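Spelled out, the chains give:
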Amino acid sequence: MADAQATPLPSILLIGCGKMGGAMLEGWLAEGLAPSVVVDRHRDTLPAPHRLVRDVADLPADFRPALIVLAMKPQKVAAAIAAVAPLATHAPVLSVLAGRTVGGLTDALRAHMPPGAHPVIIRSMPNTPAAVGEGMTVSYAPPCASAAQRALCDRVLSAVGQTAWVTHEDDINVVTAISGSGPAYVFLLAELLEQAGIEGGLPPALARQIARQTVSGAGVLMQRSGIDADELRRNVTSPGGTTQQALSVLMAPDAWPATLHAAVRAATERAHELAS
Ligand SMILES: NC(=O)c1ccc[n+]([C@@H]2O[C@H](COP(=O)([O-])OP(=O)(O)OC[C@H]3O[C@@H](n4cnc5c(N)ncnc54)[C@H](O)[C@@H]3O)[C@@H](O)[C@H]2O)c1
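Calculation notes
Residues numbered from 1 in each chain as written. Predicted model: local features only at pLDDT ≥ 70, side-chain atom pairs only at ≥ 80, totals over all residues. Heavy atoms only, no water. Near = heavy atom within 4 Å. Polar contact = N/O pair within 3.5 Å; in protein donor to acceptor, adjacent residues only side chain to side chain. Areas by Shrake-Rupley, 256 points an atom, 1.4 Å probe, with all protein chains shown as cover. 1 Å grid on protein atoms, 1.4 Å probe; cavity = no way out; pocket = protein on both sides within 12 Å on 5 of 7 lines; lining within 4 Å. Sits in = over half its atoms within 2 Å of the grid points. Salt bridge = Lys/Arg side-chain N within 4 Å of Asp/Glu carboxyl O. Helix = DSSP H or I, 4+ residues; strand = E, 2+ residues; numbered from the N terminus. Buried < 20%, exposed > 50% of the residue type's maximum accessible area, 1.4 Å probe, protein only. Contact = heavy atoms within 4.5 Å. UniProt positions renumbered as here; feature names shortened; annotations may be inferred. Pairing = 2+ DSSP bridges. Right-handed = clockwise from strand over helix to strand, strands pointing away.

K.L.:
Can you walk me through the site of the ligand in this structure?
P.N.:
Near the ligand you find 20 residues, and of these K19, M20, D40, H42 and M72 are the closest. Residue M20 places a main-chain N or O atom 2.7 Å away from an oxygen atom belonging to the ligand. One nitrogen or oxygen atom from the main chain of V39 is found 3.4 Å from a nitrogen atom belonging to the ligand. Computed on the free molecule, the ligand has an accessible area of 830 Å², of which 83% lies beneath the protein chains in the complex. According to the grid-proximity analysis, the pocket containing the ligand is the second largest pocket.

K.L.:
I keep staring at the pattern of salt bridges and nothing clicks. Help me out?
P.N.:
Opposite charge on two side chains allows them to pair when their charged atoms are near. Inspection of the entire model under this criterion finds 7 salt bridges. Between D55 and R41 there is a salt bridge; the shortest N-O distance is 3.0 Å. Of this pair, D55 sits in the loop between β3 (51-53) and β4 (67-70) while R41 sits in the loop between β2 (33-39) and β3; the two residues are 14 residues apart in sequence, bridging distant segments of the chain. Classification of R41 as exposed rests on a relative accessible area of 53%.

K.L.:
Can you walk me through the environment of S95 in this structure?
P.N.:
Counting through the fold element by element, S95 comes out in strand β5 (residues 93-95). Note on S95: relative accessible area 0%, which makes it buried. Along the backbone, S95 and A71 are 24 residues apart, and their C-alpha atoms lie at a distance of 6.6 Å. Setting aside chain neighbours within four positions, we find S95 in contact with L70, L105, I121, I122, R123 and S124.

K.L.:
In this structure, what is going on with the side chain of T101? I would like to understand it.
P.N.:
In this structure, T101 sits in the loop between β5 and α4 (102-110). One polar contact links the side chain of T101 to the main-chain amide nitrogen of G104, over a distance of 3.0 Å. The contacts of T101, once residues within four sequence positions are left out, are R123, E169, A275 and S276.

K.L.:
Which parts of the structure should I look at to understand the side chain of H50?
P.N.:
Among the structural elements, H50 can be located in the loop between β2 and β3. Look past the residues within four positions of H50 in its chain and what remains in contact with it is L29, L33, A34, P35 and S36.

K.L.:
Is there a simple way to think about the UniProt feature "binding site: NADP(+)" (unreviewed entry) in the chain in this case?
P.N.:
In the numbering used here, UniProt assigns the "binding site: NADP(+)" (unreviewed entry) feature to I15, G16, C17, G18, K19, M20, A71, M72, K73 and P74. For the residues just named, distributed over 60 residues, the greatest C-alpha separation is only 13.7 Å, placing them together at one site. From the set just named, the residues that line the second largest pocket comprise I15, G16, C17, G18, K19, M20, A71, M72, K73 and P74. Of note, G16 is situated in the loop between β1 (9-15) and α2 (19-31). On the basis of relative accessibility, which here comes to 8%, the residue G16 falls in the buried class. Setting aside residues no more than four positions away along its own chain, G16 makes contact with G21, V39, D40, A71 and M72. The topology assignment puts A71 in the loop between β4 and α3 (78-84). What makes A71 buried here is its relative accessible area of 12%. Discounting residues that sit within four places of it in the chain, A71 has contacts with L14, I15, G16, G21, V96 and L97.

K.L.:
Just to check I follow, could you spell out the pairing of β4 for this structure?
P.N.:
Regular strands show a simple pattern: their side chains alternate between the two faces of the sheet. Here β4 shows two buried faces, one formed by L67 and V69 and the other by I68 and L70. With 3 bridges connecting them, β4 and β5 associate as parallel partners. If you follow I68 over to β5, its bridge partner there is V93. The parallel pair β4 and β5 is bridged by α3, and the resulting crossover is right-handed.

K.L.:
Would you take a moment to explain unusual backbone geometry for this structure?
P.N.:
Most peptide bonds take the trans form, and the phi angle of most residues other than glycine is negative. Looking along the chain, the bond that leaves A48 and enters P49 is cis, with omega of 5°. Inspection of the secondary structure puts P49 in the loop between β2 and β3.

K.L.:
Sorry if this is basic, but what is going on with the UniProt feature "domain: Pyrroline-5-carboxylate reductase dimerisation" (unreviewed entry) in the chain here?
P.N.:
UniProt's entry tags residues 169-274 with the feature "domain: Pyrroline-5-carboxylate reductase dimerisation" (unreviewed entry), counted in the numbering of this structure. The straight-line gap between the two end C-alpha atoms of residues 169-274 is 14 Å; of that span, 81% is helix and 0% is strand.

Right, dumping it as structure tokens:
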């Protein structure tokens, strides 16, 4: 990956620059993106030499991106397909849209392409820590994608965090339930710890500070130490102490083990239902 990091970031057409597209764009801008175009009517500014347009109908006629990134809500993609199709005859399309399959997007684009043309779609599931270069993106490339196209996507995605690839597209559903949605579960933990602190009588500002720093500090420790999560947990747990008492509640079979598995299953099933 060290060689890949040395390669300059290519010219990108980013369509949809909300929470996820915006998070990735922050990382790309910080790394030095080749002149690119962003389409989003809700974004106000973009530093030169990049260009911001409000609608795919306003794409600069001279723009030939090396990569097209789709990051609008899945139900909004149809509005962009006709404008993207001519560009997708030259450049691969990286889709981060939950539930939109490679086959579905390929068919939609081909309907606007000359006979025989075949777009290359690479499907990814990133997460919002990409905004601070700490994302986790898992991707699927169909057999028609070349090694160079796959490497291009990996280069772009590794600019905003870690990357991994799956060989079965279906696996993106469980990935979505774990790393795509997962930051929300962790933020919920911080919210609940903060509430518990307030209910325990702490001043709200202190409850917020200790909840946030505990969640982020534990994450940094896990990342920097490389130690397995269960060992890090045991390192906090004195025999007969406070943590053991709390964990006996949380780790009861019908508590977190059951709840978290049920949550991930529900999200995975929803990802299957959304597939089109
Ligand atoms: N938010 C996440 O944590 C997350 C994680 C992984 C994948 N995703 C995927 O990323 C996509 C975007 O999600 P989000 O949370 O960033 O949503 P969002 O609503 O924050 O952003 C979507 C943006 O797309 C813009 N948009 C809509 N239609 C457009 C069009 N036709 N042309 C150009 N721009 C258009 C909107 O103005 C908006 O700013 C979704 O498909 C979602 O499944 C999101």
